Amino acid sequence: MFLFFLPQSADMSAASNLRSEDQFLCSICLDVFTDPVSTPCGHNFCKTCISQHWDMNQSCQCPMCKETFSTRPQLRVNTFISEMVAQFRREAQQKASSSSSEQQAAKPGEVPCDVCTGTRLKALKSCLVCQTSYCQTHLEPHLTVKRLKRHQLIDAVENLEGRMCTKHDKLLELFCKTDQTCVCMLCSVLDHKNHEFVPLREEYEGKKAELEKTEAEIQQMIQKRRLKIQEITESSVERRLKELMKEIEDKQETTEKQAEGLIKDLEQEISELMERSSEVEQLSRSEDHLHLLQSFSSLKAAPPTKDWTEVRFHPPSYEGTVGRAVDQLQETIRKLMKKKLLEAELQRVQQYEVDVTLDPDTANSWLILSDDGKQVYCGDVRKNLPDNPERFSRYAMVLGEQSFSSGRFYFEVQVKGKTEWTLGVATESINRKGKVTLCPRNGFWTVWLRNGNEYKARAESPVDLCLHPGPEKVGVFVDFEEGLVSFYDVGAAALIYSFTGCSFTHKLHPYFSPSLNDGGKNSAPLIICPVNQTESINN
């Protein structure tokens, strides 16, 4: 029975360890023996477990084989099995210690193992029967022991108590459609008798379908609002066209009045010239010498007519007017459309806001973080901090605690009052010791400010950015599957720069660098802000 403790091959040893673990479990408490005792029928139990079992029953019966003893057996600790259990516990503890060094301690936001003592490791699974979360080491019995394999395991979650009925201490497995609440099996026959029930999964599928329908309706509402933007834009174009037509009509009216004045003057002079022509004609026919000579002097002295040879009439150049108006109209439409589209785009990405906090384990020792993990600036004194693998050792850098390996996420950072800063995202595998070069090849997708007004996107070849005035609040958006990292000037609702076609092979963390204090010139902190869509659009 105990030959597996003799020296043997690694494979045989592993197999024997699995057998020994099962054999060292008490069938009453399902835990490793404590003060193991043996009954006359040959079965082993914890001394306390079998004693309490017999105390609660009228007969002394073996829980395993059901053999009944006429008199209560005298139980003594089985020293051989006790030594075996002690050896098993030591080996399990050594194995747990070795495994713990390879596993990571639970970080803020991650579910810790409920069994670990000292440093609590990250839990992988939670047992709904035991109401306990387990790390890789402490989960092993649930994967290998026959009795524990029947327990229901789920991905590690917090608040396991919330999955149990507070009244009956049973697992919440049903959904009462009558009262719209989750209940246990006992609730269904006691407190909710004659109600309508469905399994949680069935109700989950129904609610999930409702959420998908709601999402579709929301997208439809978004589309209607975009159409309204188009309608407003077209209305603006129509208004500008009416203004243009009015301008043309006013010019035409002015021109017509000028033409009418010139024509009136010309007709007046024609009338005068015709009258004078008649006088000249009559005088030329006179045969009275004296009369002709006397009248000729007065006729010659008549006022001369206006010289119309230099007079030019210039009709309005509608081509130039229309051209300028059309150019102005196109520019107005372009600016309006661009502004509306950018506002709509910013509102769209802001829907993917995540709660980001700074990770103190990654912060360079010159940096000072606020207690809530939302602000960071560079101090004047270097702090004495442990040089753990996650910490940036050379530059004033810090990562966000949260990591992302799929989907979309967005966060905003206030940069107001700073002369230098760097923002963006970085992969979990980046170099944190020694010299660090910011570029996508090294796992960084960032935008920075230097010397108060020099902005660059840190691509493989840095790209100069013309930002006047510079942003006071910067939004960072990532679409993991699309390989997109975009930066926005939140106040102006304007796109600053986008990295496209990115290939993310590791988890991404938000990245922050407030840069050096610079004698107080750059002492303002970087502040992680909650999204305020109304403020960003109104500005």
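Residues numbered from 1 in each chain as written. Predicted model: local features only at pLDDT ≥ 70, side-chain atom pairs only at ≥ 80, totals over all residues. Heavy atoms only, no water.

Let's talk about the overall build of the chain
Applicable threshold: Helix numbering and strand numbering both begin at the N terminus, where a helix is a DSSP run of H or I of at least 4 residues and a strand a DSSP run of E of at least 2. Three labels apply to residues, based on accessible area from a 1.4 Å probe with only protein chains included: buried if under 20% of the type maximum, exposed if over 50%, partly exposed otherwise in between. Throughout, a residue-residue contact means that at least one pair of heavy atoms, one from each residue, lies within 4.5 Å. In short, Shrake-Rupley with a 1.4 Å probe defines the accessible areas, and a residue's cover is counted only from the protein chains shown.
Summing up its helical and strand segments, the chain has 10 helices and 23 strands in all. Here the chain holds 539 residues, and 34% of them are scored as buried. Taking all contacts inside the chain whose residues are at least 6 apart in sequence as the whole, residues at least 24 apart take part in 56%. Entry remark: accessible area of the chain is about 33,500 Å², with carbon and sulfur atoms responsible for 51%.

Re the sheet that holds strand β22 (residues 508-513)
Condition: Any two strands with at least two DSSP bridges between them are considered paired.
If you trace the 6 strands from one edge of the open sheet to the other, you get β13-β22-β15-β16-β17-β18, paired in antiparallel fashion. Of all the strands in the sheet, just β13 (398-399) and β18 (463-465) have a single pairing partner and so form its edges. Across 6 bridges, the pairing between strand β15 (residues 421-427) and β22 is antiparallel. In the strand pairing of β22, Thr427 is matched with Leu508.

Thoughts on unusual backbone geometry
His468 connects to Pro469 through a cis peptide bond whose omega is -5 degrees. Here Pro469 is to be found in the loop between β18 and β19 (473-479). Not every positive phi belongs to a glycine, and Lys66 is a case in point at roughly 70 degrees. Locating Lys66 in the fold gives a position in the loop between β3 (60-61) and β4 (68-69).

Side note on the pattern of salt bridges
Rule in force here: The salt bridge definition used is simple: a Lys or Arg side-chain nitrogen within 4 Å of an Asp or Glu carboxyl oxygen.
With the rule as written, the count across this model stands at 16 salt bridges. With a closest N to O distance of 3.2 Å, Asp114 and Arg120 form a salt bridge. Judged by its relative accessible area of 41%, Asp114 falls in the partly exposed class. Here Arg120 falls in the partly exposed class, since its relative accessible area comes to 36%. For the salt bridge of Lys125 with Asp155, the shortest nitrogen-to-oxygen distance reads 2.9 Å.

Focus on helix α7 (residues 200-285)
Which entries qualify depends on this criterion: Given the number of residues in a helix, its expected span is that number minus one, multiplied by 1.5 Å.
Helix length check: α7 (86 residues) gives 126 Å between terminal C-alpha atoms against 128 Å at 1.5 Å per residue, within 8%. Looking at α7, one finds that the buried residues are Glu203, Thr233, Ser236, Val237, Arg240, Leu244, Ile248, Thr255, Glu269 and Leu283.

A short note on the pairing of strand β16 (residues 444-450)
Across the 7 residues of β16, 7 count as buried, placing the element largely inside the fold. Taking every second residue as pointing to the same face, both faces of β16 are buried, with Phe444, Thr446, Trp448 and Arg450 on one and Trp445, Val447 and Leu449 on the other. Where β15 lies against β16, 6 bridges are found, and the strand directions are antiparallel. Directly across from Thr422, in β16, lies its bridge partner Trp448. Bridge count for β16 against strand β17 (residues 454-457) is 4 bridges, and the pairing is antiparallel.

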